[in-house]
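Architecture at a glance
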Amino acid sequence: MKQKINRAIISGGGTGGHIFPALAIANEIKKRNPDADILFVGAEDRMEMEKVPAAGYKIIGLPVMGFPRKPSMKVFTFFKKLRQSSKLAKKIVADFNPEVAIGVGGYASGPLLRAAAKAKVPCLIQEQNSYAGITNKLLSKKVNSICVAYDKMERFFPAEKLIFTGNPVRENLNEKQNRKEAFEFFNVSEDDKVVLIVGGSLGARSVNQAVLKNIKEIAASGVQVIWQTGAYYYDKIQEELKDSKPKNLQIHKFITRMDLAYEVADLVISRAGAGTISELCLVGKASVLVPSPNVSEDHQTKNAMALVEQDAALIVRDDEINEKLFSLAFDVVKDEARCNAFATKSKELAKPEATKQIVDEVEKLVRQ
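Because the structure is predicted, anything quoted here is derived from the model rather than measured.

Counting secondary structure elements, the protein chain contains 15 helices and 13 strands. Computed over C-alpha atoms, the radius of gyration of the protein chain comes to 21 Å, within 12% of the 21 Å expected from 2.2 N^0.38 for 368 residues, which places it in the range of a compact globule. Each of the three principal axes of the protein chain carries a C-alpha extent, and together these read 60 × 55 × 35 Å. Buried positions account for 53% of the 368 residues belonging to the protein chain. Partitioning the contacts of the protein chain with sequence separation of at least 6, the portion at a separation of at least 24 is 65%. Element-wise, carbon and sulfur atoms account for 50% of the exposed surface of the protein chain, whose accessible area totals about 17700 Å².

Given below as structure tokens:
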């Protein structure tokens, strides 16, 4: 028998890698409990303040910020905002009176889940990465359950609290896609070899620069390339390529139908965020992963290596992409047996029931 959930708080964000799992969990709770009241708590001026309301949920922003990486006067601002956020989080928990609090990582989840745990609200955190974030490591002693997507996470968390669920992904990726619709959507032929390039919702500067530096190789490849530049870089790239864009290169600011993009792609070039890797496994795609060097504890490299060590993907370092990325990607995509082998291995690592399992754990906490 399912446990009814009436009021839940979900906190975290900062990037799509945190926001998409949070929304997937919220949607599953709503599917089971249509009358449930779900409140999101995010960080002011971060992506979640736009994406969450667009998905139909209420959100409150905290003035919290990340700890400065370099010594500066910003450290005083950090502690001032942390105090303000902790005070506001305590009020939010008292006013909303949730039955459960869920943290997905990101600045806001720290103050909110600390306040919830102190108020004796059952708490669960979902760690997407193979290398745990600082916020979740600090919260691990206070929460009841920790849902993870990789082995050996007892390095960071109390082993008795760990539940291996995998990462939630966008809901429509679990559905079987219309292959004909996908190829028509991107105006490519089913006979074409297709490489999809994604750098996250905001884009990836070095990946985008590598595309620009390898335009001649792309033009000569005979491969269809679909490129999501990210909103920040799109206009400048369009201007730079207005007279030299190859016919086999499509440029998109943001791909709204990633389900269809994955359907047409034979191989994906991507950063190695945990959410993206979970999606690549779910849809069973060969990939060349370029871990971002600008993340804490180099966790994207650790994410990528979890696939590379299983022969499910290839990795290219960020400082090598101009020379290596496209020759490697085109070699693999043209070698059908090798490309299919990577796809098969990645599919074996998928966790298609991750969101449902996480909400099962949420229900257990509410029941207890």
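Next comes the rest of the description.
Okay, the sheet that holds strand β5 (residues 123–127) next. On the basis of which strands lie adjacent, the open sheet formed by seven strands has the order β3-β2-β1-β4-β5-β6-β7 and parallel pairing. Both outer strands of the open sheet, β3 (58–62) and β7 (162–164), are each paired with one neighbouring strand and no more. The mean inter-strand angle of the sheet, taken between neighbouring strand axes irrespective of direction, is 25 degrees. The sheet contact formed by strand β4 (residues 100–103) and β5 spans three bridges and is parallel. Across the sheet, residue G103 finds its bridge partner in β5, namely I125. Contacts from helix α3 (residues 74–96) reach β1 (7–11), β2 (37–43) and β3, with the element oriented near 155 degrees to β3. With respect to the sheet, helix α15 (residues 354–367) is in contact with β4, β5, β6 (145–148) and β7, its orientation differing from that of β5 by roughly 165 degrees.

Turning to the pattern of salt bridges, a few remarks are in order. Tallying each qualifying case throughout the model produces 19 salt bridges. A salt bridge links R179 to E190; its shortest N-O distance comes to 3.5 Å. Residue R179 is located in helix α6 (residues 179–185), and its partner E190 is located in the loop between α6 and β8 (194–198); the two are separated by eleven residues in the primary sequence. Put simply, E320 and R317 hold a salt bridge, and the shortest N to O gap is 3.9 Å. One continuous salt-bridge network, built from bridges that share partners, spans E28, K31, R32, D360 and E363.

Non-glycine residue N97 carries a positive phi angle of around 50 degrees. With respect to the element layout, N97 can be found in the loop between α3 and β4. Residue classification places N97 among the partly exposed positions, given a relative accessible area of 47%. One non-glycine residue, N187, adopts positive backbone phi at about 55 degrees.

On to the packing of α3 against helix α4 (residues 109–118). Orientation of α3 relative to α4, taken along the N-to-C sense of each, is 45 degrees, at an axis distance of 8 Å. Here α3 lies oblique to α4, going by the angle between them. Crossing handedness for the pair α3 and α4: right-handed. Listed contacts from α4 to L82, S85, S86, A89, K90, I92 and V93 of α3 are P111, L112, R114, A115 and A116. Split into classes, the residues belonging to the contact of α3 with α4 amount to eight nonpolar, two polar and two charged.

This part takes up the sheet that holds β8. An order of β10-β9-β8-β11-β12-β13 is seen for the six strands of this open sheet, with the pairing classed as parallel. Edge positions in the sheet fall to β10 (249–252) and β13 (314–315), since each has one partner strand and no second. Pairing geometry for strand β9 (residues 224–228) and β10, over four bridges, is parallel. Within β10, the position partnered with V225 by the bridge is L249.

We now examine the side chain of S85. Looking at the element boundaries, S85 is found in helix α3. Looking at S85, the relative accessible area reads 0%, which means it is buried.

Okay, the packing of aromatic side chains next. Under the counting rule described, the total for this entry stands at six aromatic pairs. Between the aromatic rings of F156 and F157, the centroid separation amounts to 6.4 Å while the plane-to-plane angle is 65 degrees, which identifies the pairing as edge-to-face. Residue class for F156 comes out buried when judged on its relative accessible area of 15%. Of the aromatic side chains, those joined through ring pairs into one cluster are Y131, F156 and F157. A cation over a ring is seen here: K51 above F254, with NZ or CZ 5.2 Å from the ring centre. Cation over ring: K302 sits above Y131, and NZ or CZ is 4.7 Å from the ring centre.

Turning to the environment of I226, a few remarks are in order. Structurally, I226 can be placed in strand β9. Those residues in contact with I226, other than ones at most four positions away along the chain, are F186, V194, V195, L196, I197, Q250, H252, I255 and V264.

A full pass over the atoms with the stated rule returns zero disulfides. No disulfide involves C281; its sulfur sits 14 Å from that of C339, the nearest cysteine. A residue is classified by how much of its surface remains accessible, and C281, at 5% relative accessible area, is buried.

Further remarks concern helix α12 (residues 299–308). What α12 keeps buried is the set H299, Q300, N303, A304, L307 and V308. Where α12 is buried, its residues touch α11 (274–283), β12 (286–289) and β13.

Rules of the game
Residues numbered from 1 in each chain as written. Predicted model: local features only at pLDDT ≥ 70, side-chain atom pairs only at ≥ 80, totals over all residues. Heavy atoms only, no water. Helix = DSSP H or I, 4+ residues; strand = E, 2+ residues; numbered from the N terminus. Rg over C-alpha atoms; globule rule 2.2 N^0.38 Å. Buried < 20%, exposed > 50% of the residue type's maximum accessible area, 1.4 Å probe, protein only. Contact = heavy atoms within 4.5 Å. Areas by Shrake-Rupley, 256 points an atom, 1.4 Å probe, with all protein chains shown as cover. Pairing = 2+ DSSP bridges. Axes fitted to C-alpha atoms, helices over the stretch in contact; angles between N-to-C directions. Salt bridge = Lys/Arg side-chain N within 4 Å of Asp/Glu carboxyl O. Parallel < 35°, antiparallel > 145°, perpendicular 65-115°, else oblique. Left-handed = near helix turned anticlockwise from the far one by under 90°. Nonpolar A, V, L, I, M, F, W, Y, C, P; charged D, E, K, R; others polar. Phe/Tyr/Trp six-rings, centres within 6.5 Å; stacked < 30°, edge-to-face > 60°. Lys NZ or Arg CZ within 6 Å of the ring centre and 35° of its normal. Disulfide = S-S within 2.5 Å.

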